[in-house]
Number of protein chains: 2
Amino acid sequence: MAAAAAEQQQQGFRPLDEASLVAYIKATPALAARLGGRLDALTIKEVGDGNLNFVYIVLSDAGSLVIKQALPYIRCVGDSWPMTRERAYFEASALQKHRGLCPDHVPEVYHFDRAMSLIGMRYIEPPHIILRKGLIAGVEYPLLAEHMADYMAKTLFFTSLLYNSTTDHKKGVAQYCDNVEMCRLTEQVVFSDPYMLAKYNRCTSPFLDNDAAAVREDAELKLEIAELKSMFIERAQALLHGDLHTGSIMVTPDSTQVIDPEFAFYGPMGYDIGAFLGNLILAYFSQDGHADQANDRKAYKKWILKTIEDSWNLFHKKFVELWNKHKDGNGEAYLPPIYNSSELLRLAQKKYMTSLFHDSLGFGSAKMIRRIVGIAHVEDFESIEDASKRASCERRALNCAKAILKGRRQFESIGQVTVHVQSFDRD
Amino acid sequence: MAAAAAEQQQQGFRPLDEASLVAYIKATPALAARLGGRLDALTIKEVGDGNLNFVYIVLSDAGSLVIKQALPYIRCVGDSWPMTRERAYFEASALQKHRGLCPDHVPEVYHFDRAMSLIGMRYIEPPHIILRKGLIAGVEYPLLAEHMADYMAKTLFFTSLLYNSTTDHKKGVAQYCDNVEMCRLTEQVVFSDPYMLAKYNRCTSPFLDNDAAAVREDAELKLEIAELKSMFIERAQALLHGDLHTGSIMVTPDSTQVIDPEFAFYGPMGYDIGAFLGNLILAYFSQDGHADQANDRKAYKKWILKTIEDSWNLFHKKFVELWNKHKDGNGEAYLPPIYNSSELLRLAQKKYMTSLFHDSLGFGSAKMIRRIVGIAHVEDFESIEDASKRASCERRALNCAKAILKGRRQFESIGQVTVHVQSFDRD
């Protein structure tokens, strides 16, 4: 609190409201231009339903943009949980870097003001909605797997040692080391709190009280989570989004846009892939809670499973294609004079991708568990009003995640994983 | 070359010779004081028989010190291989950090001049000699294992996440990311060149030509080395010495001093441990080449094996003791409310140490292989004049290393490793 207050008073920072936001836009040509200079009748809507920041949609009759401002605390908890405003710098940096690598699926940044922790960026217009809401509504997105595979393959491959020299890689690592407060938040809420008695933990009580206690008493699970936590902190494999759940993705049937990379850092690739796949599995287990007489959601559940399979398989394909395409480039991890036959390179790729697959399953499971017994739950389950029914859906997801986390090295294909997921579909 | 010349011309840098060195000392109170102010009859000896730097021993009748200066290229190759002088900064930083953690085995830095890439430090006086020379001479060091276990346990534990907060850890990681040129040198000479045709590779020809070719054609070996190379670059587990072979250690029967950490960076702990153990195994295999009628070296080989075993076992013991002692400290990797029983903590430690053991065996083997078929060989073998005999010793070491590298995950104790080492003792 003292720290937060002190930081807020730093020169150049002031939290904006709608009135001061207009003045700010008028004084900032890069933003004013995006609104066609028509600044006298702006429509402004605060939509920061996220957990962390203030987000304004700004519309003129000639353009649109979004203004996102980070305040020196976590919005959903309040100023009792201070959090560096510098997360806005890392978010803007990651958006710009990832957009350079994958412009189809990352929105443009128009303006960044580090002192104000303020990003001006593309307004991702309707009918785009947050993917999580689409999944709750039972909407199929036929291009989602293809788009996310493209996004993950490009952002991860092109920021890894498979593409970059060690020199460039370590420059990036050093830069993002400073986003450590966000990494520590993840460490706490994903890798620590769910496995202990912690102030902000909650679950669908009383139904899941015993399940939550069982997580806290599961020695095997705790040994596995320690390994993943160490990997999360120590292993600088690629520039991650850092929070790639279905609430960080906006979609229409034709378009997929990834937003909110304020947790960006150099970490293990499997953390991003796992976040996406794990949240799809959560969506899967929530469907029974959304079924009604008009729609039993059975076909939709099949679509989710297919999307999980396609996402991994297409990611795998695209990633290896990028590797093959750039194998004679600057990347120093697999030098052509060493991996000098197509057969040897294929074996190396198989080993790499298998390890990445198991990492992804581990991190994905960890992300599922924390959404059921940790601080931040998902709307997929929260929107199931009947607590008993919600708990039943959550329990299946929790048991599935625990089993994947412990047994992840036994899976040889994503098809085996979706079969495994379905085996938890009955109580 | 152009880069090296440009760097050398940087303001404030000039390479010293004996005359200008005296003037420098006279102008530097921190150095003059160490010589008791008796600066008119200094004895100066250049002893930089290392590969990289100029090293002067400076003696007065009232004191002593060593001056080490990095030039903007690798000394042993010449100015055709430019190398940043900033390595001196990382060497001085690591010496100071590690000395703070383990003062018994790290010499004191008296003075550091970043512009001049110059370190003034303790003269590690006779009868200290380089450990490698002692091993060649067949000298037993009864405290070596104890001392090195102490050094490795303290420097690695206290710079890891077991002791530090993520915030402090990432600060260190970011700082040492800039020592990337030295990391790249290691990547090249340890993890790449030995597995391909490379300009500076050499071996005891013609005897080992086929053995070197076999390394370059060994698919299984190349898959393993790729994994280790990635781990070396990506995994910031602790602040390593980075070059902990037996030439970086000065000894008497009572004293062990670790020098030359200019390759220091945050990397996998097993790289340091492996460097030390691997070089002891090289020393072991070289003994038959040094045997003569007066000394068949059989007892000495037993002592080396015992030192290998004691080094790991004592390291293991001391490291776990530090972990237990500081388990309620700032380290966030294993929070007490999660690892809340002594049994669970013991299991976590067992898993951690087993993984570290296998990493150490992998890196140790890689270090052995590169000393036989790569650019930089070891005096242990080089001093065996009969090339045929030398090749025979080297071949055993090479075959042993290849087998350990491939099968490292099967070893459950260091005793199994020394049994394995002995099995290569016959052609």
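Residues numbered from 1 in each chain as written. Chains lettered and ligands numbered in written order. Predicted model: local features only at pLDDT ≥ 70, side-chain atom pairs only at ≥ 80, totals over all residues. Heavy atoms only, no water.

Named according to an unreviewed UniProt entry, chain A is S-methyl-5-thioribose kinase originating from Oryza barthii. Entered under Subunit (unreviewed entry) in the UniProt record, the comment concerning chain A runs "Homodimer." Taken from UniProt, the Pathway (unreviewed entry) comment for chain A reads in full: "Amino-acid biosynthesis; L-methionine biosynthesis via salvage pathway; S-methyl-5-thio-alpha-D-ribose 1-phosphate from S-methyl-5'-thioadenosine (hydrolase route): step 2/2." (UniProt positions renumbered as here; feature names shortened; annotations may be inferred.)

Visitor: Explanation requested: the overall build of chain A in the structure shown.
Guide: The helix and strand inventory of chain A stands at 16 helices and twelve strands. In terms of overall dimensions, chain A has C-alpha extents of about 60 × 60 × 45 Å along its principal axes. Counting the 427 residues in chain A, one finds 62% classified as buried. A fraction of 75% describes how many contacts in chain A between residues 6 or more apart in sequence connect residues 24 or more apart. Accessible surface, chain A as shown: approximately 16100 Å² in total, 50% of it carbon and sulfur. (Helix = DSSP H or I, 4+ residues; strand = E, 2+ residues; numbered from the N terminus. Buried < 20%, exposed > 50% of the residue type's maximum accessible area, 1.4 Å probe, protein only. Contact = heavy atoms within 4.5 Å. Areas by Shrake-Rupley, 256 points an atom, 1.4 Å probe, with all protein chains shown as cover.)

Visitor: What is the right way to read the pairing of strand β2 (residues 53–60) of chain A from this model?
Guide: Put simply, side chains in a regular strand alternate between the two faces of the sheet. Residues and elements named next belong to chain A. Counted residue by residue, β2 has six buried out of eight residues, so it is predominantly covered. Two strands pair when backbone bridges link them, and strand β1 (residues 43–46) and β2 are joined in this way by four bridges, in the antiparallel orientation. Each bridged residue has a counterpart across the sheet, and for Glu46 the counterpart in β2 is Tyr56. One ladder, built from eight bridges, connects β2 with strand β3 (residues 63–70); its direction is antiparallel. Looking across to β3, one finds that Ser60 is bridged to Gly63. In this structure, the hairpin formed by β2 and β3 is closed by a connection of two residues. (Pairing = 2+ DSSP bridges.)

Visitor: Please clarify how empty space enclosed by the protein should be interpreted in this entry.
Guide: Remark: the empty space left among the atoms is shown by a probe the size of a water molecule rolled over them. Applying the stated rule across the entire model yields seven cavities of 30 Å³ or more. Mapped by element, the contributors of at least two residues to the lining of the largest cavity are α7 (166–177), α10 (219–234) and β12 (265–267) of chain A together with α7 (166–177), α10 (219–234) and β12 (265–267) of chain B. For the lining of the largest cavity, the per-class residue count stands at 14 nonpolar, one polar and five charged. (1 Å grid on protein atoms, 1.4 Å probe; cavity = no way out; pocket = protein on both sides within 12 Å on 5 of 7 lines; lining within 4 Å. Points joined across faces, edges and corners; volume = space filled by probe spheres on them. Nonpolar A, V, L, I, M, F, W, Y, C, P; charged D, E, K, R; others polar.)

Visitor: When you look at the sheet that holds strand β2 (residues 53–60) of chain B in this model, what are you seeing that I'm missing?
Guide: Residues and elements named next belong to chain B. Strand order in the open sheet formed by five strands is β1-β2-β3-β7-β6, and the pairing between neighbours is antiparallel. The open sheet has two edge strands with one neighbour each: β1 (43–46) and β6 (109–113). The average undirected angle you get between the axes of adjacent strands in this sheet is 15 degrees. Of the pairings in the sheet, the one linking β6 to strand β7 (residues 118–121) comprises four bridges and is antiparallel in character. Opposite Phe112, over in β7, you have Ile119 as the bridge partner. Its contacts with the sheet place helix α4 (residues 87–101) against β2, β3 (63–70), β6 and β7, and it is angled at close to 155 degrees to β6. (Axes fitted to C-alpha atoms, helices over the stretch in contact; angles between N-to-C directions.)

Visitor: Before we go on, may I ask you to explain the sheet that holds strand β11 (residues 256–258) of chain B in this structure?
Guide: Strands belonging to one sheet form pairs held by backbone hydrogen bonds; the direction of such a pair is parallel or antiparallel. Residue and element names in this part refer to chain B. Read across the sheet, three strands follow the order β8-β10-β11 without closing on themselves; strand pairing throughout is antiparallel. Edge strands, defined here as strands with exactly one partner in the open sheet, are β8 (129–130) and β11. Summarising the sheet, β8 and strand β10 (residues 249–251) pair through two bridges and their orientation is antiparallel. Each bridged residue has a counterpart across the sheet, and for Ile129 the counterpart in β10 is Val251.

Visitor: Sorry, what's going on with the interface of chain B and chain A here?
Guide: Interfaces are often sized by the accessible area lost when the parts come together. Taken together, the contacts link 42 residues of chain B with 42 residues of chain A. For the pair chain B and chain A, the summed buried area comes to about 3900 Å², and 60% of that belongs to carbon and sulfur atoms. On the chain B side of the interface with chain A, the three residues burying the most area are Lys170, Leu223 and Glu234 of chain B, jointly 18% of the side's total. For Glu234 of chain A, the salt bridge is made with Arg235 of chain B, and the minimal N-O distance between the two is 3.1 Å. Linking chain B with chain A are 21 residue pairs in polar contact (both at pLDDT 80 or more), by the criterion used here. Among the elements of the structure, α7, α8 (180–192), α10 and α13 (342–373) of chain B are those that each provide at least two residues to the side of chain B that touches chain A. Per element, the largest residue contribution to the side of chain B that touches chain A is ten residues, and it comes from α10 of chain B. Tallied by class, the residues present in the side of chain B that touches chain A amount to 25 nonpolar, six polar and eleven charged. (Buried area = accessible area lost by both parts, 1.4 Å probe. Salt bridge = Lys/Arg side-chain N within 4 Å of Asp/Glu carboxyl O. Polar contact = N/O pair within 3.5 Å; in protein donor to acceptor, adjacent residues only side chain to side chain.)

Visitor: I would appreciate a short explanation of the domain arrangement of chain A in the present structure.
Guide: All names here are of chain A. Parsing chain A into structural domains produces domain 1 (2–121) and domain 2 (129–422). On a C-alpha basis, the centres of domain 1 and domain 2 stand 27 Å from each other. Between domain 1 and domain 2, the contact holds 26 residues from the first and 31 residues from the second. A combined buried area of about 2400 Å² lies between domain 1 and domain 2, and 65% of that area is made up of carbon and sulfur atoms. Seen at the junction of domain 1 and domain 2, the total is three salt bridges. In this structure, Arg87 and Glu262 form a salt bridge, with 3.5 Å as the shortest nitrogen-oxygen distance. Put simply, the parts of the chain that give the side of domain 1 that touches domain 2 at least two residues each are β5 (78–82) and α4 (87–101). Considering each element in turn, the side of domain 1 that touches domain 2 owes the most residues, ten residues, to α4. (Domains from an automatic or database assignment.)

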